[in-house]
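# Summary of structural features
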Amino acid sequence: MFDPQTVAALLTLDEKASLVAGDTVWTTAAVTRLGVPALLLTDGPHGVRRLAEDAAPGDLYNCLPATAFPTGAAMGSSWDPELIEEIGEALAAESRDLGVDVLLGPGLNIKRTPLCGRNFEYFSEDPVLSGHLAAAWVRGVQQAGVGASLKHFAANNQETNRMRVSAEVDERTLREIYLAAFEYAVRKSAPATVMAAYNAVNGVPAAQNPWLLTEVLREEWGFDGFVVSDWGAVADPAAAIPAGLDLRMPGTGGRGATEIAALVKEGTLDEADLDRAVGRILRVAAGLHARRTTSAPAVDHEHHHRLARRAAAESAVLLTNEDAFLPLDASGGGLAVLGEFARTPRFQGGGSSHVQPTRLETALEELTRAVDGRRDITFAAGFRLDSAPSPELLDEAVAAARNADDVVVFLGLPEAAESEGFDRTSLDLPTVQLDLLRAVAAVNPRIAVVLSNGGIVVTHEVEKLARSVVELWLGGQASGGAAADVLLGRAEPGGRLAETIPLALSHTPAHVNFPGTPEQVLYGERLYVGYRWYDRTARDVGHPFGHGLSYTTFAYTDMEVRVPDPGRNAAVVAFTLTNTGQRTGSEVAQVYVTDVEASVDRPERELKAFRKIRLAPGESRRIELALGERHFAFWDERRRAWTVEPGTFRISAGASSRDLKLTATVDLAVAPQELPLTLDSAVEEWISRPRARAALRRVLAAASPPGARDFDSDETGLLLMGSMPLRRILTLGKSDVSAQALADLLTDANGGA
C-alpha cells in the first residue's frame, strides 16, 4: 500500500485536482503511476446499494443484491447499540464482497418534524440516542476496513428546497440538538468521512461553511477523516475547499479536476488548501486498505437474513395491547389476514437508500408457515396500494373478518407518501385503509393492527378500533417474518419509540415554521424538538418518546445517585430492574436529567443514558449508568462553551419520558464558571455576586447625595431595573461616578489585583 506523505510530495497539480474532484458518479480518481487506487463510495444506511454494471448513472434501482436491513427509523427504535454494531459488521462484509470502500451512512439528522420525507433513514428525535446508535454503526462497519460517512452535516431536516434553503438556527440549539449526535459519533467512533449537506446553515452553504467543517468538526471535535459533499452540493469549489471540504461528488470525468487546477493557476484557490484536502483523502484511503488484513470473506447471506429478521423484531414497537390480546395462539381457530401489505410488503424507503434485497419475506407466507395448518388463514387485500377506492376489495375483507376468530390488519403508508426528494403533508393513514379498519371492526372486534411506515402516523383512531397495535416501521427484507414472530409470540416486540407520536400534526413543535420559504426556514422552536416540546408544554400525546409495551412486565426499585468525586460534575445512577412477568423479555431503561433551577431556559427533562436489558421471569439486575459533565451542561452562548451551573439536578429513571418510575436528586457543588462582569452586565448579575454587590454599594454610596437610599433596597425597583445594564442605571441616576472609580469597581468586582 502507498505511503500518503510520499505520494503527496510527488503529485502534480492536475493529479491533486483529480483526487478532490471525483471521477465517476460513485468513484474517486486513481493515480496509477503512484499506486493510489480509486475509492468506490455507495449509498447504504440499511444495505449496500452497489449499482449493477449496466445501470445508467441516474438509475437508483438497478442494483446488485444485498441484505436490506431495517431502516434507520426501525433501528432507532431498537435502542440497542450492540445490535446496530452487529448490523454494521454485516454491512461491512457485504461492502467488501461488492468492492465498496466507503458506505454512505449512517443518517443521523434529528427528526425536527415528522413530515420530513427522509425520516425513515434517521434514528430519532434525540441526539443522545442517535449519537450512540451512530457510533455503534460506524464501529461495526469500519472494523473490516470499510469507511463510514456520517450524514448529512448539518441541520438537514427537510427535503423541501433542500438544495437552496438556509436553516436559520441559533448556536445553542445547533450545539445541543443538531450537532450533538455528530459530535458523539466523531469522538467515539472516528468515522472515515463526514458528508456535508445540501442546505445552508445561517446563510452559509454547509459544503463551504468554515465554522462547521473546520472550526467545529476538526478543531473542536478532532475529526481527522475527509469531508465529502452530498452529491451535487458544491456550487463554489474555490470557497468549499478552503472551508474544509475535501471531496466534491459526483465526479464528472475530469471536468471538475480541470476547473480546480485552473482556480489554482489563476490564484483564486490557494494550492496549500488543495494540498490539505489531498492529504486527508490519501490518509483515509491508505488507512482503509491497511485495515484489510485479509481478503474479502465469503458473505453468509442466510445469516444476514436471520440477523435482519431478529433486528426487525427488536425494532417493532407494541403501542397498545388491550387485555393481552397479543401474542396470538398459533392453534386458535380461523385467522383473517387483511391488507395488501401482508403480501406486498413495504420494507424500505424510496430514493438513494433503495436496496435490491437478497430475498423478501411476506407476513402472509410467514404466518401460514408458522401456524403450519393449525389455524385456517384467510387473506383479503382490503385496499389498493394506490389508495384508490375499491368496494370489491373492501367487501371481501369484511366477509373474511366476519367469519374469523381473530383478525390481523396490515396498514401503512404507500411508497408514494414518503421518500427522499419530497416531504409529507399529513400524518394520517390513507382514507381507504381507515375505512377498511372501521368496516372490519364493525363485524369483529378481535383485531390486531400491524403498521408499516417510515415516518410516524397518528394512531389514536386505529387504537380505538383495534385491541393491539404494532408499529413495524419499514423493517427490511425480513420484516414479514418478524411480524409473524411478534404476532405469535415467538419473539417479543423489542422496540421503544425513538420519536413522539402526537395527537395531531398541528401539535408538532415545528408546525408553524415548516417548511419555510424557498430561501429560509426558521428553527423557531429552538431546543424544543420532539419530547422536549411536548413535555415542556405539558401537551397530551398519542404515545411519548421511549414508549413501548412488552409481553412481560418490569419493576424499577432501589434507586441511588452518588457523586464519586465532589470536585467533578459527574454522578452514577443505580437502580434494580426486575422482570415481574411470566415471559422472558427486554426493557429499555431510560435515565433523564432535569436542571431544577437554571439561569437559562432548559427542557423539562432530557435523555442522558439508557440501556436495553433482557431478563428471564423473576430475574433482577442492578443497573449502573454513568453521567458525565456534558450530561448536566448547556451551551452558554455568552461564554461560547459548555457550562454546568452548581445546584440541584433531578435524576429520573423509567420506561419513557412520561413513565418515570424512580426519581432522586443530586447536588453538584463545583464552583460556577462565571463570565467577568462589565458595565453592560445586568444589575441582577451584579447583585447576585456578593463581592460585586459590595463593591458597587461602596462606589455608589461615595458618589450619592447624603440620605439617598441603597440602590438595591427597593424590591419593586429591583424588579423594574434588574435586567437593565448597569451602564444604563448609572446614566439615568444622579450618582456622579468617575471613570477611575468605574475602572476600580470592575477590578474589585471581578477579583482583580
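This one's a predicted model, so the numbers in the text were calculated from it and none came from an experiment.

Reading guide: rules and limits
- Residues numbered from 1 in each chain as written.
- Predicted model: local features only at pLDDT ≥ 70, side-chain atom pairs only at ≥ 80, totals over all residues.
- Heavy atoms only, no water.
- Helix = DSSP H or I, 4+ residues; strand = E, 2+ residues; numbered from the N terminus.
- Rg over C-alpha atoms; globule rule 2.2 N^0.38 Å.
- Contact = heavy atoms within 4.5 Å.
- Areas by Shrake-Rupley, 256 points an atom, 1.4 Å probe, with all protein chains shown as cover.
- Lys, Arg positive; Asp, Glu negative; His and termini not counted.
- Charge placed at Lys NZ, Arg CZ, Asp CG, Glu CD.
- Axes fitted to C-alpha atoms, helices over the stretch in contact; angles between N-to-C directions.
- Parallel < 35°, antiparallel > 145°, perpendicular 65-115°, else oblique.
- Left-handed = near helix turned anticlockwise from the far one by under 90°.
- Nonpolar A, V, L, I, M, F, W, Y, C, P; charged D, E, K, R; others polar.
- Phe/Tyr/Trp six-rings, centres within 6.5 Å; stacked < 30°, edge-to-face > 60°.
- Buried < 20%, exposed > 50% of the residue type's maximum accessible area, 1.4 Å probe, protein only.
- 1 Å grid on protein atoms, 1.4 Å probe; cavity = no way out; pocket = protein on both sides within 12 Å on 5 of 7 lines; lining within 4 Å.
- Points joined across faces, edges and corners; volume = space filled by probe spheres on them.
- Pairing = 2+ DSSP bridges.
- Polar contact = N/O pair within 3.5 Å; in protein donor to acceptor, adjacent residues only side chain to side chain.
- Core = buried A, V, L, I, M, F, W, Y, C linked by side-chain atoms within 4.5 Å.
- Salt bridge = Lys/Arg side-chain N within 4 Å of Asp/Glu carboxyl O.

## Description of the overall build of the protein chain
Looking only at helices and strands, the protein chain features 23 helices and 26 strands. In summary, the protein chain has a C-alpha radius of gyration of 29 Å against a globular reference of 27 Å for 753 residues, a match within 12%. Counted over contacts in the protein chain with a minimum sequence separation of 6, partners at least 24 positions apart contribute 76%. For the protein chain, the exposed surface amounts to about 28,200 Å²; the carbon and sulfur share of it is 50%. In the protein chain, 74 side chains carry a positive charge and 100 a negative one; their mean positions are 2 Å apart.

## A look at the packing of helix H2 (residues 13-21) against helix H10 (residues 255-265)
Where H2 contacts H10, the two axes come as close as 8 Å, and the packing angle between them is 125°. Compared by their axis directions, H2 and H10 come out oblique. Remark: the crossing between H2 and H10 carries right-handed chirality. On the side of H2, the interface is formed by Leu13, Asp14, Ala17, Ser18, Val20 and Ala21, while H10 contributes Gly256, Ala257, Ile260, Ala261, Val264 and Lys265. Class assignment of the residues belonging to the contact of H2 with H10 gives a composition of eight nonpolar, two polar and two charged.

## Here's the deal with the packing of aromatic side chains
Evaluated as defined, the whole model comprises 12 aromatic pairs. Judged by centre distance (5.2 Å) and plane angle (80°), the ring pair of tyrosine 178 and tyrosine 523 falls under edge-to-face. With tyrosine 178 in helix H6 (residues 171-178) and tyrosine 523 in the loop between strand E17 (520-522) and helix H18 (531-536), this pair connects stretches of sequence that are 345 residues apart. Assessed through its relative accessible area of 3%, tyrosine 178 is described here as buried. Ring geometry for phenylalanine 632 and phenylalanine 649: centres 5.0 Å apart, planes at 75°, overall edge-to-face.

## Quick word on empty space enclosed by the protein
A complete count under the given rule lists six cavities of 30 Å³ or more for this structure. In this structure, the largest cavity encloses a volume near 90 Å³. Forming the boundary of the largest cavity are 13 residues, of which Lys111, Pro114, Glu125, Thr500 and Tyr534 lie nearest the centre. In terms of residue class, the lining of the largest cavity is made up of five nonpolar, four polar and four charged. In this structure, the second largest cavity encloses a volume near 70 Å³. Around the second largest cavity, the lining residues are Phe341, Pro345, Arg346, Ala363, Phe410, Val450, Ser452, Leu472, Trp473, Ser479 and Gly480. When residues of the lining of the second largest cavity are traced back to their parent elements, those giving at least two are strand E15 (447-452) and helix H17 (479-487). Split by residue class, the lining of the second largest cavity holds seven nonpolar, three polar and one charged.

## Some words on the layout of surface pockets
Size it by volume and the largest pocket reaches roughly 960 Å³. Along its surface, the largest pocket is lined by 34 residues, and Val128, His132, Tyr184, Lys608 and Phe610 are the ones closest to its centre. The set of elements that each furnish at least two residues to the lining of the largest pocket consists of helix H4 (81-97), helix H5 (127-142), helix H7 (180-189), helix H12 (301-315), strand E21 (606-615) and strand E22 (620-627). Considering every element that reaches the lining of the largest pocket, the biggest residue donor is E21, with eight residues. For the lining of the largest pocket, the per-class residue count stands at 14 nonpolar, four polar and 16 charged.

## Quick look at the sheet that holds E17
Read from one edge of the open sheet, four strands run E8-E7-E5-E17, paired in mixed fashion. The open sheet is flanked by strand E8 (204-205) and E17, the only strands paired with a single partner. Taken together, the two bridges between strand E7 (residues 200-201) and E8 define a ladder with antiparallel strand orientation. In the strand pairing of E8, alanine 200 is matched with proline 205.

## Quick notes on unusual backbone geometry
Backbone phi values are negative for most residues with the exception of glycine, while trans is the configuration of most peptide bonds. In this structure, the amide linkage connecting lysine 151 to the following residue, histidine 152, adopts the cis form with an omega of 0°. Between leucine 326 and the following residue, proline 327, the backbone shows a cis peptide bond with an omega angle of 5°. With respect to the helices, strands and loops of the structure, proline 327 is situated in the loop between strand E10 (317-321) and strand E11 (335-338). Positive phi, normally seen in glycine, also occurs at tryptophan 473, with a value near 60°.

## Comments concerning the side chain of threonine 67
Inspection of the secondary structure assignment puts threonine 67 in the loop between strand E2 (65-66) and helix H3 (72-78). Judged by relative accessible area, threonine 67 falls into the buried class, the value being 0%. Side-chain polar atoms of threonine 67 contact the side chain of glutamate 94, separated by 2.5 Å. When near neighbours in sequence (up to four residues on either side) are disregarded, threonine 67 contacts His46, Gly47, Glu94, His301, His304, Ala308, Val355, Thr358 and Gln477.

## Description of H7
Turn by turn, an α-helix covers 3.6 residues, leaving residues three or four places apart pointing in a common direction. Counting buried positions along H7 yields seven of 10 residues, so the element is predominantly enclosed. Tucked inside the fold, the buried residues of H7 contact H5, strand E4 (147-153), H6, helix H8 (210-220) and strand E24 (641-643). Trailing H7 by a residue or two, alanine 190 shows a phi angle of about 45°, which is positive.

## Things to note about the nonpolar core
Nonpolar side chains in soluble globular proteins tend to end up buried together. By size, the foremost hydrophobic cluster in this structure holds 125 residues, and its most contacted members are Ile87, Trp137, Phe153, Leu179, Leu212, Trp231 and Leu607. With nine residues, the single largest contributor to this core is helix H11 (residues 271-290). In this structure, Leu319, Ala466, Trp473 and Ala483 belong to the second largest nonpolar core, which totals 66 residues.

## Quick word on the pattern of salt bridges
This structure, assessed with the given rule, holds 61 salt bridges. In this structure, the salt-bridge partner of aspartate 601 is arginine 172, at a minimum N-O distance of 3.5 Å. Of this pair, aspartate 601 sits in the loop between strand E20 (585-595) and E21 while arginine 172 sits in helix H6; the two residues are 429 residues apart in sequence, bridging distant segments of the chain. Put simply, glutamate 302 and arginine 306 hold a salt bridge, and the shortest N to O gap is 3.8 Å. With glutamate 302 and arginine 306 both in helix H12 and four residues apart, this pair spans about one turn of that helix. Shared partners join several salt bridges into a network, and the residues in it are Glu302, Arg306, Arg309, Arg359, Glu361, Glu366, Arg369, Asp485 and Arg490.

## A short note on the sheet that holds strand E26 (residues 659-668)
Taking strand neighbours across the sheet as the criterion, the four strands line up as E21-E20-E25-E26 in an open arrangement whose pairing is antiparallel. The open sheet is flanked by E21 and E26, the only strands paired with a single partner. Across this sheet, the average inter-strand angle for adjacent strands is 20°, counted without regard to direction. Relative to strand E25 (residues 647-656), E20 runs antiparallel, the two being bridged by six bridges. Bridge pairing in E25 places threonine 594 opposite arginine 650.

## Regarding the pairing of E21
Extensive coverage of E21 is indicated by the burial of eight of its 10 residues. Bridging between E20 and E21 involves nine bridges; their strand directions are antiparallel. Looking at E21, one finds that valine 591 is bridged to alanine 609.

## Digging into the side chain of arginine 218
With respect to the helices and strands, the residue arginine 218 is situated in helix H8. A polar contact is formed between the side chain of arginine 218 and the backbone oxygen of glycine 225, at a distance of 3.0 Å.

## Concerning the environment of leucine 39
Secondary-structure assignment places leucine 39 in the loop between H2 and strand E1 (41-43). Given the relative accessible area of 2%, leucine 39 is considered buried. Measuring from C-alpha to C-alpha, the distance between leucine 39 and threonine 28 comes to 5.2 Å, with 11 residues separating the pair along the chain. What leucine 39 contacts, discounting residues up to four positions off in sequence, is Trp26, Thr27, Thr28, Asp101, Phe226, Ala285 and His289.

Purely spatial values, then, with no claim about function.
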